[in-house]
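# Structural overview
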Amino acid sequence: MKGLATTVVVAAGNQVFICYNYLIMLKIENLNLKRGDKQIINNVSFEVPDGEIFGVLGMNGAGKSSLAYILMGSSGYQPDSGKIIFNGIDITNKTMDERARLGITLAWQEPARFEGISILDFILIGSEKKGHTLSEEYLEQMRLAPSEYRLRQVDKTLSGGERKKIELSSVLAMKPKLAILDEPDSGIDMLSQEAVMNMIREIKNYGGSVILITHDEEVVKTADRAALMCSGLAFKVGKPAEIIGYYKEHCKPCPTKVYPAKGDNK
Ligand code: ADP
Ligand code: MG
């Protein structure tokens, strides 16, 4: 089943105009997650249409990774309330595996190690197509020289940046419908940043959507829309330039978490 079609129909006299019609891939409704006395995710709602790059910006501790874990269904991150609808299916209570089978993937802020698997096999782990030549193409796309990696394993001998690029290669290979990328640019050398941007655009180009969590202004600019997260709230959603401007002007480290004033969130 595809996403929910949102159509605005305007009637004028005896004529009817269909103004726009797009498909909502992801719909998040009033998500809440509390651990101890901390409200980590606070009533978050937004929609991501097919083919949209949706940026999520916010300071450390704002709740960005927690939101990513909730969307992916990571253990320990079952929301206390709220709903997640993916292509018309309520996935709030689905397992991580079930969500993966529906086409959702998460590239972690700190990629996990899968000891004992070769890099070339790892890249195609979620791909329908197989073959090491293909894995090597994805490595090249992420600016890793295949000759240096074809005999190696995904293990602790890889640097953080290398692991990240390998994980992003596997996301590309998977062709997910929804890729949640948690700071895909962090730890990546400057010359490879363009490769990260290109992989994000590639997902959009085949109609996939991306939730792009980042601190980097240049990276947020590749988004179609962005949300500013603040103390667990998706405080403001809008055009990236607007969100970046607001973030720079208003977000400051605060020892006591103070929520933004009510009515200032649209
Ligand atoms: P971000 O990715 O925006 O830096 P996180 O989502 O990692 O932020 O964390 C948001 C806040 O929630 C942080 O203060 C973090 O310490 C806290 N937090 C995250 N997960 C848990 C948990 N399972 N139990 C308690 N606190 C948590
Ligand atoms: Mg994080």
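### Observations regarding the overall build of the chain
Regarding its fold elements, the chain presents 9 helices and 11 strands. The proportion of buried residues among the 266 residues of the chain is 40%. Within the chain, contacts between residues separated by at least 24 positions form 66% of all contacts whose residues are at least 6 apart in sequence.

### A few points about the site of ligand 1
Arg-35, Lys-38, Ile-40, Gly-58, Asn-60, Gly-61, Ala-62, Gly-63, Lys-64, Ser-65, Ser-66 and Gly-76 make up every residue found near ligand 1. The set of elements that each furnish at least two residues to the shell around ligand 1 consists of strand E3 (38-49) and helix H1 (64-72). The residue makeup of the shell around ligand 1, split by class, is 2 nonpolar, 7 polar and 3 charged.

### Quick notes on the sheet that holds strand E4 (residues 53-58)
On the basis of which strands lie adjacent, the open sheet formed by 6 strands has the order E7-E8-E9-E4-E10-E11 and mixed pairing. The open sheet has two edge strands with one neighbour each: strand E7 (104-107) and strand E11 (233-238). Each neighbouring strand pair of the sheet contributes to a mean axis angle of 20°, computed without reference to strand direction. In this sheet, strand E9 (residues 209-214) lies alongside strand E8 (residues 178-182) in parallel orientation, the contact comprising 5 bridges. Residue pairing for E9: Ile-180 is matched across the bridge by Ile-211. With respect to the sheet, helix H7 (residues 193-205) is in contact with E4, E8 and E9, its orientation differing from that of E9 by roughly 155°.

### Thoughts on the nonpolar core
In this structure, Val-56, Val-210, Ile-211, Leu-212 and Met-229 are the most contacted members of the largest nonpolar core, which totals 68 residues. Beyond its immediate chain neighbours, meaning those up to four positions away, Leu-212 contacts Ile-53, Phe-54, Gly-55, Val-56, Leu-181, Ile-200, Val-219 and Ala-223.

### Some remarks on helix H9 (residues 240-250)
Among all positions of H9, only Pro-240, Ile-243, Ile-244 and Tyr-247 are buried. Taken around the axis of H9, the buried residues stretch over an arc of 100°, which confines them to a single face. Exposed positions of H9 whose direction lies more than 90 degrees from the buried face are Ala-241, Gly-245 and Glu-249. Packing partners of the buried residues in H9 comprise E4, helix H8 (217-220), strand E10 (225-230) and E11.

### A look at the packing of helix H4 (residues 132-141) against helix H6 (residues 160-174)
With their axes 9 Å apart at the nearest point, H4 and H6 run at an angle of 120° to one another. Judged on the interaxial angle alone, H6 and H4 are oblique. In the crossing of H4 with H6, the sense of the turn from one axis to the other is right-handed. Here H4 contributes Tyr-138, Leu-139 and Gln-141 to the contact with H6, which in turn contributes Ser-169, Leu-172 and Ala-173. In the contact of H4 with H6, the residues fall into 4 nonpolar, 2 polar and no charged.

### Some words on the pairing of E7
Burial along E7 is two-sided: the residues Ile-104 and Leu-106 and Thr-105 and Ala-107 are all buried. Pairing of E7 with E8, which is carried by 4 bridges, proceeds in the parallel orientation. In the strand pairing of E8, Leu-106 is matched with Ile-180.

### Some remarks on the pairing of strand E5 (residues 81-86)
One ladder, built from 2 bridges, connects E5 with strand E6 (residues 89-90); its direction is antiparallel. Each bridged residue has a counterpart across the sheet, and for Phe-86 the counterpart in E6 is Ile-89. Linkage of E5 to E6, two consecutive antiparallel strands, is achieved through a turn of 2 residues, within which Asn-87 is found at a positive phi near 45°.

### What about the confidence of the model for the chain?
The predicted model of the chain averages 88 in pLDDT, with 85% of residues at 70 or higher. Residue range residues 261-266 is modelled with pLDDT below 50. Its contacts to residues more than four positions away, or to other chains, number 3 contacts.

Definitions and limits used
Residues numbered from 1 in each chain as written. Chains lettered and ligands numbered in written order. Predicted model: local features only at pLDDT ≥ 70, side-chain atom pairs only at ≥ 80, totals over all residues. Helix = DSSP H or I, 4+ residues; strand = E, 2+ residues; numbered from the N terminus. Buried ≥ 20, exposed ≤ 12 C-beta atoms within 10 Å, placed from the backbone. Contact = placed C-beta atoms within 7 Å. Near = placed C-beta within 6 Å. Nonpolar A, V, L, I, M, F, W, Y, C, P; charged D, E, K, R; others polar. Pairing = 2+ DSSP bridges. Axes fitted to C-alpha atoms, helices over the stretch in contact; angles between N-to-C directions. Core = buried A, V, L, I, M, F, W, Y, C linked by C-beta atoms within 7 Å. Arc of directions from axis to C-beta. Parallel < 35°, antiparallel > 145°, perpendicular 65-115°, else oblique. Left-handed = near helix turned anticlockwise from the far one by under 90°. pLDDT = per-residue confidence, 0-100.

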